[in-house]
Protein chains: 2
Amino acid sequence: MVTLAVDAMGGDDAPREIVKGTVDAAGQLADTQYLLVGREAAIDAELSQLGPVRDRIAIVDAPDVIAMDEVPVEALKRKRGSSIARAVGLVRQGKAQAIVSAGNTGAAVAASYMTLGTLKGIRRPGIAAAFYVKEHPVVVMDVGANIHCKPADLFLYGIMASLYAQEVLGVRTPRIGILNIGEEEKKGIALVRETADLFQRAEPGLDFVGNVEGDAIFRGLCDVIICDGFVGNIVLKVSEGLAENVLHVFMEEFAKCSGGGAALDTFRETLDRFRWRIDYAEQGGAPLLGVNGVCIICHGRSHARAMTNAMRCAVRMVQKNLNHKIEALAARVTPLLAEVD
Amino acid sequence: MVTLAVDAMGGDDAPREIVKGTVDAAGQLADTQYLLVGREAAIDAELSQLGPVRDRIAIVDAPDVIAMDEVPVEALKRKRGSSIARAVGLVRQGKAQAIVSAGNTGAAVAASYMTLGTLKGIRRPGIAAAFYVKEHPVVVMDVGANIHCKPADLFLYGIMASLYAQEVLGVRTPRIGILNIGEEEKKGIALVRETADLFQRAEPGLDFVGNVEGDAIFRGLCDVIICDGFVGNIVLKVSEGLAENVLHVFMEEFAKCSGGGAALDTFRETLDRFRWRIDYAEQGGAPLLGVNGVCIICHGRSHARAMTNAMRCAVRMVQKNLNHKIEALAARVTPLLAEVD
């Protein structure tokens, strides 16, 4: 049995979509149970709307809510009874194995990092986001948890994201690339060159393909792309903004077309599938890898389906014992990293 | 009269598309003349195919060609007679006022920087790329010329890109944002915070809006976005890869739709306009701002229309005397930059 601590108050459409996603997950995922963390009355009201669905779902009261735009660490200090802090606390106490939150990303990262600590051999956690544009996932890590990365951090991101791709997303032998401005070996900033050097010196078993450019995410040239959290967050936001805008532009051009409006109805389903494929927020959450526990971060505008997908990912991470595998692989590279410190 | 030195050998479809774009430009732009720089016989053969069109077009022979994947500085040293080096030389000698090239970007940047030097008050040149997704341009600078930026460099990029947006792209009062991972003032890396500080201390006249996230490029929140060349190049490549892929995904989903194939014909024009709006390579070139001359860098896969658009941009930069205006504004901020050195 896997127990998830769900931050019921986090996200633009919380608690409604979070509760709905949880009920759906409970219906779909065997051997799971759910602790909905947040304001009891509000959660209860949403659950009531969904009928007699409380099987394997319980509420854990948390009086405070951290808003999307609050400064994370300050908010965590001021609001000790926030839903995210309580959810992380449940994992810390062993009452749950994973946290799922669509709330303030910085708060979820800070609460998990500070309360759970890191896995053995890992220095800094990072967020691994999967892009699905060509059916196959491409994992980009880190997309915003750690903006001051050292080569050892990036190297460990490669290891963690690679294991995640393999164990959770089903990529057989993940090819790892490092984001750079050109593919030649000598190109780019020192951080990137020194990280590449670590991969070259590491024992075999990691399929490191070297430098890749930004478009590699969408070209299937590799399965894992590592970068620091500053660059990765910008990549994520650019992709998000562009995908959204492209849909908008398309609708606009389509409407200009004679008969476009009526034809649009015909293609509604096509457009929905199209939107789903280019909108990563629809596809579930991104794990914060490296913390001593499982924490899945969802997009603030996640709807029920995305939440259910994120919960499926959390369950899989627990069942596959991903953290244990990360520690085992990290232990093997510890001597190498000690050399470069 | 404005004279352009066109690198006839640069680009995936050179010299054909370059020559065609030049002939079109000559037909469309008054008071302009063109020096097609490259292998005389190859250029001559292309010109002959286009009929008696040599009015205001001359050929300047250059025996060498730098390939798209050559290491720029090495290639420039080895191939002294390359089309790009000769084109830059023509500007240096005063025989032309601007270079237009769809060749190896690094070679165009290095040749221009080393041969022409920088404008007074400017330390490092940068490439300013315009994104047009919402009809209005958003200029991102630098997209790859300078990966080791100091705050003063980024600040000057703001000034240069802002003047370019105003004078060449017709943005009345450009709002300048700095790319960061959050909008709060304290967020992000030191480079960004120190650059923001320079804008706060600069005399009024620049409309600095502070931090913006990656999606701002597509949301119309500002008109100029500054970042270092490492981040900017990744943004450019991610956008390019995503836009291309989105078209691919759309076609794929459309084909699955019953009657999709036939319907696609109906919407061919819509799709063409859609592609044009999301594909920056179609929209002309990106100027290398800060060099003592005008240099427009085009995408390697530019077709004739993109080349003509880039030439129009070059002519406008010369006619508007953009470099003179950049030097005037740079002179006014020189005391401030001297303080932080």
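About the criteria used
- Residues numbered from 1 in each chain as written.
- Chains lettered and ligands numbered in written order.
- Predicted model: local features only at pLDDT ≥ 70, side-chain atom pairs only at ≥ 80, totals over all residues.
- Heavy atoms only, no water.
- Helix = DSSP H or I, 4+ residues; strand = E, 2+ residues; numbered from the N terminus.
- Rg over C-alpha atoms; globule rule 2.2 N^0.38 Å.
- Buried < 20%, exposed > 50% of the residue type's maximum accessible area, 1.4 Å probe, protein only.
- Contact = heavy atoms within 4.5 Å.
- Areas by Shrake-Rupley, 256 points an atom, 1.4 Å probe, with all protein chains shown as cover.
- Lys, Arg positive; Asp, Glu negative; His and termini not counted.
- Charge placed at Lys NZ, Arg CZ, Asp CG, Glu CD.
- Domains from an automatic or database assignment.
- Buried area = accessible area lost by both parts, 1.4 Å probe.
- Pairing = 2+ DSSP bridges.
- Phe/Tyr/Trp six-rings, centres within 6.5 Å; stacked < 30°, edge-to-face > 60°.
- Expected span 1.5 Å × (residues − 1).
- Bend = angle between axes of the 7 residues up to and from the residue.
- Axes fitted to C-alpha atoms, helices over the stretch in contact; angles between N-to-C directions.
- Parallel < 35°, antiparallel > 145°, perpendicular 65-115°, else oblique.
- Left-handed = near helix turned anticlockwise from the far one by under 90°.
- Nonpolar A, V, L, I, M, F, W, Y, C, P; charged D, E, K, R; others polar.
- Core = buried A, V, L, I, M, F, W, Y, C linked by side-chain atoms within 4.5 Å.
- Patch = residues over 30% accessible without salt bridge, like charges linked within 9 Å, V, L, I, M, F, W, Y side chains within 5 Å.
- Salt bridge = Lys/Arg side-chain N within 4 Å of Asp/Glu carboxyl O.

Enquirer: Got a minute to help me understand the overall build of chain A in this structure?
Expert: In terms of helices and strands, chain A carries 12 helices and 11 strands. Its C-alpha radius of gyration of 20 Å places chain A within 12% of the 20 Å reference for a compact globule of 341 residues. With the C-alpha coordinates of chain A rotated into their principal frame, the extents come out at 60 × 60 × 35 Å. Taking all 341 residues of chain A together, 61% fall into the buried category. Expressed as a percentage of contacts within chain A between residues at least 6 apart in sequence, the contacts between residues at least 24 apart total 71%. A total of about 13,300 Å² of accessible surface is found on chain A, and carbon and sulfur atoms cover 49% of it. Across chain A, the centroid of the 37 positively charged side chains sits 3 Å from that of the 42 negatively charged ones.

Enquirer: For this particular structure, what's the right way to read the domain arrangement of chain A?
Expert: By a widely used convention, the size of an interface equals the accessible area lost when the partners come together. Residues and elements named next belong to chain A. In terms of domains, chain A is made up of domain 1 (2-122 + 290-320) and domain 2 (126-280). Relative placement of domain 1 and domain 2: their C-alpha centres are 25 Å apart. Taken together, the 12 residues of domain 1 in the interface contact 12 residues of domain 2. If you sort the residues of domain 1 by the area they bury against domain 2, Ile122, His299 and Arg301 come out on top, with a joint share of 35%.

Enquirer: It is not clear to me how the environment of Leu206 of chain B should be interpreted in this structure. Could you clarify?
Expert: All names here are of chain B. Relative to the helices and strands, Leu206 is located in the loop between α7 (190-201) and β8 (207-212). Using a relative accessible area of 22% as the deciding quantity, one classes Leu206 as partly exposed. Taking the C-alpha atoms as reference points, Leu206 and Leu242, 36 residues apart in sequence, are found 32 Å from one another. In this view, Leu206 contacts Phe155, Ile159, Ile176 and Phe199; residues no more than four positions away in its chain are not counted.

Enquirer: What is the right way to look at the pairing of strand β10 (residues 286-289) of chain B in this model?
Expert: Within a regular strand, side chains alternate between the sheet's two faces. Residue and element names in this part refer to chain B. What you see with β10 is no split at all: Ala286 and Leu288 on one side and Pro287 and Leu289 on the other are buried throughout. As defined by bridge partners, β10 adjoins strand β11 (residues 294-297) across 2 bridges and the pair is classed as antiparallel. Residue pairing in the sheet places Ala286 in a bridge with Ile297 of β11. In textbook terms, the turn of a hairpin is the stretch between consecutive antiparallel strands, and for β10 and β11 this stretch comprises 4 residues, one of which, Gly290, has a positive phi near 110 degrees.

Enquirer: Whenever I open this one, unusual backbone geometry confuses me. Can you help?
Expert: The general pattern is negative phi for most residues beyond glycine and trans for most peptide bonds. Residue Met141 of chain A is joined to Asp142 of chain A through a cis peptide bond whose omega torsion reads 10 degrees. Of note, the amide linkage connecting Ala14 of chain B to Pro15 of chain B takes the cis form, showing an omega dihedral of 0 degrees. In this fold, Pro15 of chain B is placed in the loop between β1 (2-7) and α1 (16-28). You will see that Asn321 of chain A, though not glycine, has its phi angle at about 60 degrees, which is positive. Here Asn321 of chain A shows up in the loop between α11 (304-319) and α12 (322-340).

Enquirer: What should I look at first to understand the packing of aromatic side chains in this one?
Expert: Pairs of aromatic rings are described using the distance from one ring centre to the other and the angle between the two planes. All names here are of chain A. Considering all chains together, one arrives at 6 aromatic pairs over all chains under this definition. Here Phe131 and Phe218 contribute two aromatic rings whose centre-to-centre distance is 6.1 Å and whose plane-to-plane angle is 85 degrees, an arrangement assigned as edge-to-face. Placement of Phe131 in strand β5 (residues 126-134) and of Phe218 in the loop between β8 (207-212) and β9 (224-226) is noted, with a sequence separation of 87 residues between them. In this structure Phe218 comes out as buried when scored by relative accessible area, which is 2%. An aromatic cluster is present here, built from Phe155, Phe199 and Phe208 joined pairwise through their rings.

Enquirer: Would you mind going over α12 of chain A with me for this structure?
Expert: Given 3.6 residues per helical turn, the α-helix brings residues three or four places apart onto the same face. Residues and elements named next belong to chain A. Spanning 19 residues, α12 covers 26 Å between terminal C-alpha atoms, matching the ideal 27 Å at 1.5 Å per step. The sharpest bend along α12 comes to roughly 45 degrees, located at Val333, with the proline Pro335 sitting one to four residues further on. By the burial criterion, the buried members of α12 are Leu322, Asn323, Ile326, Leu329, Ala330, Val333, Leu336 and Leu337. Along its buried surface, α12 packs onto α6 (151-167), α7 (190-201), β10 (286-289), β11 (294-297) and α11.

Enquirer: What should I look at first to understand the packing of α6 of chain A against α12 of chain A in this one?
Expert: When two helices pack together, their arrangement is captured by the angle between the axes and the distance separating the axes. Residue and element names in this part refer to chain A. Axis separation between α6 and α12 bottoms out at 10 Å; the angle between their running directions is 150 degrees. Judged by the angle between their axes, α6 and α12 are roughly antiparallel. Viewed along their axes, α6 and α12 form a crossing whose handedness is right-handed. Where α6 approaches α12, its residues Ala152, Phe155, Leu156, Ile159, Met160, Leu163, Tyr164 and Glu167 are matched on the opposing element by Leu322, Lys325, Ile326, Leu329, Ala330, Val333, Leu336 and Leu337. For the contact of α6 with α12, the per-class residue count stands at 14 nonpolar, no polar and 2 charged.

Enquirer: Explain the nonpolar core to me, please; I cannot follow it from the model alone.
Expert: Side chains of a nonpolar character, in soluble globular proteins, are inclined to be buried together. Formed by 236 residues in total, the largest nonpolar core has its most connected members in Leu4 of chain A together with Leu4 of chain B. The contact partners of Leu4 of chain B, leaving out residues within four places of it in the chain, are Gln33, Tyr34, Leu35, Ala96, Ala98, Val100, Met311, Ala314 and Val315 of chain B.

Enquirer: I keep staring at the packing of α6 of chain A against α7 of chain A and nothing clicks. Help me out?
Expert: All names here are of chain A. Interaxial distance between α6 and α7 falls to 8 Å at its minimum, and their mutual angle equals 55 degrees. Overall, the two elements α6 and α7 adopt an arrangement that is oblique. The way α6 lies across α7 gives a crossing that is right-handed. Judged by residue contacts, Pro151, Ala152, Leu154, Phe155 and Gly158 of α6 engage Leu191, Glu194, Thr195, Leu198 and Phe199 from α7. When grouped by side-chain class, the residues that make up the contact of α6 with α7 number 7 nonpolar, 2 polar and 1 charged.

Enquirer: When you look at a nonpolar patch on the surface in this model, what are you seeing that I'm missing?
Expert: Among the surface-exposed residues, Val73, Tyr113 and Met114 of chain A lie close enough to one another that they form a single nonpolar patch of about 270 Å² accessible area. Note that Tyr113 of chain A resides in helix α5 (residues 105-116).

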